[in-house]
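Chains, contacts and geometry: an overview
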Amino acid sequence: MGARKIAEQFAKEGGWFIAFIMLPTWDYTNEVVYDVDKYDKLIELHSKDCREAKDAGIEVMCFAGFHPAEIDNLLERGISPKEVRNYTLAVAKVLGEKCSEGKIDGIGEVGRQHYKVQVHSALIAQEALEAFLALAEERDCPVQLHLEQVSGFTAESISRLANAIRIKKDNLLIHHSTIAVSAEAKELGMWSTVLGKKEVISAALERRGSDLLLLESDFIDDSRRAGKVIYPWEIAKSLKSLLEEGGITSNDIEKISVDNVKKFFGI
Ligand SMILES: [Zn+2]
């Protein structure tokens, strides 16, 4: 669909803000990119897409990152672990510069795989994550994290890492959280997003309240997987329908879809 059309349709349903997150490289080029300059160009392309979406009259934030699946696919392509690691750190450097230059507003998705991988792939992802957090701290960039969702581990592990790196925890957002991890992230002073489906929103509010909570669609804009995970405007529909049924208060809606958004994204 493209960012602009998405923004237009979202605005029609009452949406006022979207954060666009860069997709993995193969979604743009049909193969995993192993070239820092090419990666740089994809960030530019994404940043241009984000700017065009602003024409729809909504607020837009633009995040670019390095999805942990890039690491698996590079290793699968036969690139050595050492080269993958060095390449990952080179991309991290580019992302830090883009964030300082204001070409992107934050870094994401970065993080760890949520599925079974080779042990060195997971270790490279962890090392990369530390590098991303360190440069985000230096440049005061918010970070959107893609992580495994292990209750009792994931949020605590990120919190410990954040303390060691001294990055502000309220600059960190754990995306597509389970309700359990979202509750733990909140206790530790970190943001999280849950999917904007009715049953997920009401369960999240009931379990952990509305502090440090945001909603997401995780929409991938791929015609081969249309509507996956949900369309962004389904979030607005979920909220309207919950409000009609008395499953949410207008105060909670105001908080999670306006006040919290302004707080995390610094609007
Ligand atoms: Zn993700």
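Above this text is the structure in question.
Values in this document were obtained by computation on a predicted structure and should not be read as measured data. (Residues numbered from 1 in each chain as written. Predicted model: local features only at pLDDT ≥ 70, side-chain atom pairs only at ≥ 80, totals over all residues.)

**A short note on the sheet that holds strand β1 (residues 17–21)**
- Sheet architecture is open: seven strands sit in the order β1-β2-β3-β4-β5-β6-β7, paired in parallel fashion. Strand pairing shows two members of the sheet lacking a second neighbour, β1 and β7 (213–216), which therefore form its edges. Strand-to-strand, the axes of this sheet are offset by a mean angle of 30°, without reference to chain direction.
- Note: strand β3 (residues 106–111) against strand β4 (residues 143–146), three bridges, orientation parallel. The residue of β4 that forms the bridge with Gly111 is His146.
- Strands in contact with helix α3 (residues 36–53) are β1 and β2 (59–64); relative to β2, the strand with the most contacts, it is inclined by about 170°.
- Of the strands in this sheet, β6 (191–195) and β7 are in contact with helix α9 (residues 198–208), which crosses β6 at around 145°. (Pairing = 2+ DSSP bridges. Helix = DSSP H or I, 4+ residues; strand = E, 2+ residues; numbered from the N terminus. Axes fitted to C-alpha atoms, helices over the stretch in contact; angles between N-to-C directions. Contact = placed C-beta atoms within 7 Å.)

**Focus: the nonpolar core**
- If you look at the biggest cluster of nonpolar residues, it comprises 71 residues, and the most contacted ones within it are Phe132 and Val143.
- Take this core: its biggest share by element is nine residues, from helix α6 (residues 119–139).
- Mapping this core onto the domain boundaries places at least three of its residues in each of domain 1 (22–146) and domain 2 (169–267). (Core = buried A, V, L, I, M, F, W, Y, C linked by C-beta atoms within 7 Å. Buried ≥ 20, exposed ≤ 12 C-beta atoms within 10 Å, placed from the backbone. Domains from an automatic or database assignment.)

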